[in-house]
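# Descriptive analysis of the structure
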Amino acid sequence: MQILEIREVTKPIASPIRNAYIDFSKMTSSLVAVVTDVVRDGKRVVGYGFNSNGRYGQGGLIRERFMRRVAEADPASLLNDAQDNLDPDRVWATLMSNEKPGGHGERSVAVGTIDMAVWDAVAKIAGKPLFRLLAERHGREADPRVFVYAAGGYYYPGKDLSALRAEMRGYLDRGYNVVKMKIGGAPLAEDARRIEAVLAEIGSQAQLAVDANGRFDLDTAIAYARVLRDYPLFWYEEAGDPLDYRLQSVLAEYYPGPMATGENLFSHQDARNLLRYGGMRPDRDWLQFDCALSYGLCEYLRTLRELEIAGWSCSRCIPHGGHQMSLNIAAGLGLGGNESYPDLFQPYGGFPDGVRVENGHIVMPELPGIGFEGKQDLYKEMRELAQ
Ligand SMILES: O=C([O-])CC(=O)C(=O)O
Ligand SMILES: [Mg+2]
């Protein structure tokens, strides 16, 4: 049993939307295939992965360093002790050989993308959905019913309040009961009007989260907090720079409602620093670490261990990124849910075909691996890469 090859292609996921920090006009994502020599149900097992939106494709790093390390490794060194499957941690250690600690920039995205494909292959070789494999490995009961919320509400040329309201209404019509919109890309008074328009639209049918994408300095974060705290928000997300733990912790003094952050922290050490110094409150705040951007599930498991040490429940995690990998982690390990972008970043985001959102939850189908084969538009792109 061995990995024959890793392939990568960088795909556009561009759109004219904008958050408070970036636009997505040139956004790309790496799609990776881990091709094995294992055959299941008459078909060669290929694991797939991709990175979530917001960070660009990583073809350069993947080709120059990470693919080569796997290709040069003794294939037996990547197997588990029983030699009946790949060992994701051994593959991970090979990927990360000769990498210094710290500086978790783009390489965490490259490794996270390959790691997703490795776990997909491992679950397919085991013949199980990844969420069931994870639950078994951790001695837990899987719960295939997962909370999901609809992220959108971007700034968009010519988008007025009625378009924003119509967008949010569309999410409610599709079964969501928490929706998210961007803030910080317009003056505070205008954002307040946008928020009030959405609150009027969703009424008591749903709750609203807002996301500043790390745009604010402390004064601005507090100025927003003074306004936002009078609204019944689901959370106030990523007010300031992701690594400015002091800002986050001072903000907590001005914002009694739930805060969320973590999508731009890419290692368990950074996550640990957030828990130590960021003033985040385990009884109400939310952690959004996204394995696809942060060295993958092998590292995410270390992050979950840090949560446990710091007295946090993993049910406070609702990852960023809207991909099926985090849905599997949520169903298998008991996270609080997952992000979803009903109208964006297709075909990468979303659920297997036929999965519907009801009362803000989906039920995971019983597909081997991560479940990409159940989403036709996505699997078409994946198959093209593997052929
Ligand atoms: O706009 C983005 O970069 C995505 C984002 O922050 C989110 O989904 O929370
Ligand atoms: Mg965000």
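Right above here is the structure, for reference.
Reference entry: report on the structure contained in this document. Owing to the predicted nature of the structure, the values given are computational and were not obtained by experimental measurement. Position labels on residues start from 1 in each chain and follow its written sequence. To label them, take the chains in the order written and letter them from A, then take the ligands in the order written and number them from 1. Thresholds applied to this predicted model are a pLDDT of at least 70 for local features of residues and 80 or more for the giving and counting of side-chain atom pairs; totals over whole chains, interfaces and linings are not thresholded and use all residues. The side-chain figures draw on all heavy atoms in the structure; neither hydrogens nor water molecules are used.

### Side note on the overall build of the protein chain
- To qualify as a helix, a DSSP run of H or I must reach at least 4 residues; to qualify as a strand, a run of E must reach at least 2; elements of each kind are numbered from the N terminus. Looking only at helices and strands, one finds 12 helices and 11 strands in the protein chain.
- With C-alpha atoms as the basis for the radius of gyration, the globule rule is written as 2.2 Å multiplied by the number of residues raised to the power 0.38. Computed over the C-alpha atoms, the radius of gyration of the protein chain is 20 Å, within 12% of the 21 Å expected from 2.2 N^0.38 for a compact globule of 387 residues.
- Dimensions of the protein chain, computed from C-alpha atoms along their principal axes, come out at roughly 60 × 40 × 40 Å.
- Relative to its 387 residues, the protein chain shows a buried fraction of 60%.
- Partitioning the intrachain contacts of the protein chain with sequence separation of at least 6 by distance along the chain shows that 72% fall at a separation of at least 24.
- Here the open area of atoms and residues is found with the Shrake-Rupley method and a 1.4 Å probe, where only the protein chains shown may cover a residue. Only carbon and sulfur atoms are counted for the fraction: they give 47% of the accessible area of the protein chain, which is about 15300 Å².
- Seen as two clouds, the 44 positive and the 52 negative side-chain charges of the protein chain have centres 1 Å apart. Each residue is assigned to one of three classes by its accessible area relative to the maximum for its type, calculated with a 1.4 Å probe on protein chains only: buried under 20%, partly exposed between the two thresholds, exposed over 50%. The contact rule is simple, with two residues in contact once any of their heavy atoms fall within 4.5 Å. Charge convention: Lys and Arg are scored as positive, Asp and Glu as negative, and His as well as the terminal groups of each chain are ignored. Charge coordinates come from a single atom per side chain, which is NZ of Lys, CZ of Arg, CG of Asp or CD of Glu.

### Quick notes on helix 3 (residues 107–126)
- Over its 20 residues, helix 3 extends 28 Å from the first C-alpha to the last, a length consistent with the 28 Å expected when each residue adds 1.5 Å.
- The buried count for helix 3 comes to 19 of 20 residues, which makes it a mostly enclosed element.
- Phi turns positive one or two residues past the end of helix 3, at Gly-127, with a value near 75 degrees. One fewer than the residue count of a helix, multiplied by 1.5 Å, yields its expected span.

### Here's the deal with the coordination of the magnesium ion (ligand 2)
- Donor atoms (N, O, S) are those found within 2.8 Å of the metal centre, with the cutoff raised to 3.2 Å for Na, K and Ca; water is not part of the atom list, so apparent gaps in a site can occur. The magnesium ion (ligand 2) binds to the protein through Asp-211 (OD), Glu-237 (OE) and Glu-263 (OE), with metal-donor distances spanning 1.9 to 2.2 Å.
- By relative accessible area, Asp-211 is classed as buried at 1%.
- The class of Glu-237 is buried, set by a relative accessible area of 0%.

### A word on the layout of surface pockets
- Using only the protein atoms, space was sampled on a 1 Å grid; points where a 1.4 Å probe fits but cannot get out form cavities, open sets with protein on both sides within 12 Å along at least five of seven lines form pockets, and lining residues are those with an atom within 4 Å of a point. Grid points are joined across faces, edges and corners, and a volume is the space filled by probe spheres set on the points. The calculated volume of the largest pocket comes to roughly 490 Å³.
- Surrounding the largest pocket, 29 residues form its lining, Arg-55, Glu-238, Pro-242, Glu-263 and Asn-264 being those nearest its centre.
- When residues are grouped by polarity, Ala, Val, Leu, Ile, Met, Phe, Trp, Tyr, Cys and Pro land in nonpolar, Asp, Glu, Lys and Arg in charged, and all others, Gly among them, in polar. Counted by class, the lining of the largest pocket contains 9 nonpolar, 10 polar and 10 charged residues.
- Considered as a void within the structure, the second largest pocket measures approximately 430 Å³ in volume.
- Forming the boundary of the second largest pocket are 16 residues, of which Lys-43, Arg-44, Lys-124, Glu-373 and Tyr-379 lie nearest the centre.

### Some details on the packing of aromatic side chains
- Aromatic rings from Phe, Tyr and Trp, with only the six-membered ring used for Trp, were paired whenever their centres fell within 6.5 Å, and each pair was classed as stacked if the ring planes differed by under 30 degrees, edge-to-face if by over 60, and tilted otherwise. Tallying each qualifying case throughout the model produces 15 aromatic pairs.
- When the ring of Tyr-149 is compared with that of Trp-235, the centres are 5.1 Å apart and the planes differ by 85 degrees; the resulting orientation is edge-to-face. Note that Tyr-149 is positioned in strand 4 (residues 145–151) and Trp-235 in strand 7 (residues 235–237), a separation of 86 residues in sequence.
- According to the relative accessible area criterion, Tyr-149 is buried, its value standing at 0%.
- Counting every residue linked through ring pairs, the aromatic cluster contains Phe-147, Tyr-149, Phe-234, Trp-235 and Trp-286.
- Cation over ring: Arg-215 sits above Tyr-21, and NZ or CZ is 4.1 Å from the ring centre.
- When the ring centre of Trp-286 is taken as reference, the NZ or CZ atom of Arg-316 above it lies at 3.9 Å. Our definition puts a charge over a ring when NZ of Lys or CZ of Arg is within 6 Å of the ring centre and also within 35 degrees of the ring normal.

Function cannot be read off these values alone, since they describe shape.
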